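As a plain string of letters, each chain reads:
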Amino acid sequence: MELNFGEITLDEAPDYLRHWEMCAQRTSDYCFPIIWGLGPDYGTRVAFDPSTDLYFLHQKKDWHADLAPVGNWMRDDWAAVLRDRYPREITFYLVPEVLADIWKAELEGHAEVEIKNERGTWEYLYDINKLATLAGNKLMKKRNRTNQFRKSYDYEYLPITEELLPEIMEFQVHWCHVNNCADMQGLYQEDHAILRILGSWGRIPNLCGGAIRIDGKIVAYTVGELARNMLVVHFEKADTDYGAAYQAINRDFCEHMAEEHPELEIVNREEDLNDAGLRAAKMSYMPLGFIKECQVKIRFH
C-alpha cells in the first residue's frame, strides 16, 4: 500500500499524541515536540495509515532512515503490515527495545530479524524525587553545588508561561551566539527546533518548563513534556558564568514539577549520542536504568 508522506502539522498533534501513548514503550525520539520541532532540519516525514491505525515515519537527515511505527504495537499481524509496505529487506532506526523484541517474536518463520544495539541512543531514566532533592552520599557533591548556588545568588525560579516566552527566546539566541551554534550542525538544528517550539508553545500539548532569573535576566531554562508518570526533559540551557546554573535548573525544575504533579515518578533526560562528556555527566546523576533503542534489520523469506 502506497502511503502519502508529508511534514507533520500542529493540527495533528492531538491525534499523533494519542498514538504515541499507545506505544508499549514511549521514547523521547517519538515525542511530538521532537518530531515536529526537528522535522524541517531532519527531513522528517510521517504518514498515517488508517488500515493499521499506525503512523509511519522516515527521515532524510543524512540519508533515508525508516523509523519505528507509532501506535499500538501489541498485534499479531506485523508480518503482513511490514511486508505490504517495505521491500524484502528493510532497516529501521531508533527502534525501542520493546518493539524490537515484539518483531523478533512475531516475525519468526516469516523473516530474519537482526537487532543491533545503539548505546548512544539509550535514554537515561531517573527517580524524580532524587533529582529534586539530590539526597544521599552519591549525589552529595551536586547537592552541595546547588546549595552554594542558592546561597550565592538572589534568584527566582519561574515556570515557563506565555508571558515569559520572549525572555526565554532572547536568552536562547544569546546562548547560541556564545556557544557558536552557527558553526556546529547539531546545535544549529537544535536551535531551530527550540525557537520553533517556544514560538508555538500554546499549541503543543503537555509542554512544561522552568527558568532561573537573576538580576532581571534569564540565566537558565529547561523545556520538558508531561507523559503520564514520566517527565521528559527535551532541552536545557544555562549561562555557565553563573556557577552551577545547569545543576540548579535541573534540580529546581524537578523539585517544582514533583510538587505540582505528584503522579510523576520518572525523569527521562534523553540520550548521550556517544558524547563522552555528556555520558559522564548523565551517569553521574545515578540513572535508574535506560530506555534502549536499536537498529533492526528485517529480511523476509
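All of these numbers come straight from a predicted model, not from anything done at the bench.

### Describing helix α1 (residues 13-22)
Right, on to step 1. Those residues of α1 not exposed but buried are Ala13, Tyr16, Leu17, His19 and Trp20. Down the axis of α1, the buried set is contained in an arc of 165 degrees. They therefore lie on one face.

### Overview of the pattern of salt bridges
Right, on to step 1. Inspection of every chain in the model, using the stated rule, returns 18 salt bridges.
Right, on to step 2. Where arginine 85 meets aspartate 49, a salt bridge forms, and the shortest distance between an N and an O atom there is 2.3 Å. Pair noted here: arginine 85 is in helix α4 (residues 78-85) and aspartate 49 is in strand β1 (residues 45-49), with a separation of 36 residues, a long-range link.
Right, on to step 3. Exposure remark for aspartate 49: the relative accessible area of 0% places this residue in the buried category.
Right, on to step 4. Each of Glu89, Glu112, Glu114 and Arg299 takes part in salt bridges that share partners, so that together they form one network.

### Describing the state of the cysteines
Right, on to step 1. Applying the stated criterion across every chain yields a total of 1 disulfide.
Right, on to step 2. Cysteine 31 supplies the cysteine sulfur nearest to cysteine 23, a cysteine that is in no disulfide, at a spacing of 10 Å.
Right, on to step 3. Residue cysteine 294 stays outside any disulfide, its sulfur separated by 15 Å from that of cysteine 23, the closest cysteine.

### Concerning the packing of helix α7 (residues 140-152) against helix α10 (residues 245-260)
Right, on to step 1. Interaxial distance between α7 and α10 falls to 9 Å at its minimum, and their mutual angle equals 90 degrees. With respect to each other, α7 and α10 are oriented roughly perpendicular. The segment α7 lies against α10, with Arg143, Arg145, Thr146, Asn147, Phe149 and Arg150 engaging Ala245, Gln247, Ala248, Arg251, Asp252 and Glu255.
Right, on to step 2. Taken together, the residues of the contact of α7 with α10 sort by class into 3 nonpolar, 3 polar and 6 charged.

### Brief notes about empty space enclosed by the protein
Right, on to step 1. Enumeration over the complete set of coordinates arrives at 1 cavity of 30 Å³ or more.
Right, on to step 2. Empty space within the largest cavity amounts to approximately 70 Å³.
Right, on to step 3. Along the walls of the largest cavity sit Gly6, Glu7, Ile8, Ile35, Trp36, Gly39, Pro40, Thr44, Arg45, Val46 and Arg196, which together make up its complete lining.
Right, on to step 4. For the lining of the largest cavity, the elements supplying multiple residues, two or more each, are α2 (32-37), α3 (39-42) and β1.

Rules behind the numbers
- Residues numbered from 1 in each chain as written.
- Predicted model: local features only at pLDDT ≥ 70, side-chain atom pairs only at ≥ 80, totals over all residues.
- Heavy atoms only, no water.
- Buried < 20%, exposed > 50% of the residue type's maximum accessible area, 1.4 Å probe, protein only.
- Helix = DSSP H or I, 4+ residues; strand = E, 2+ residues; numbered from the N terminus.
- Arc of directions from axis to C-beta.
- Salt bridge = Lys/Arg side-chain N within 4 Å of Asp/Glu carboxyl O.
- Disulfide = S-S within 2.5 Å.
- Axes fitted to C-alpha atoms, helices over the stretch in contact; angles between N-to-C directions.
- Parallel < 35°, antiparallel > 145°, perpendicular 65-115°, else oblique.
- Contact = heavy atoms within 4.5 Å.
- Nonpolar A, V, L, I, M, F, W, Y, C, P; charged D, E, K, R; others polar.
- 1 Å grid on protein atoms, 1.4 Å probe; cavity = no way out; pocket = protein on both sides within 12 Å on 5 of 7 lines; lining within 4 Å.
- Points joined across faces, edges and corners; volume = space filled by probe spheres on them.

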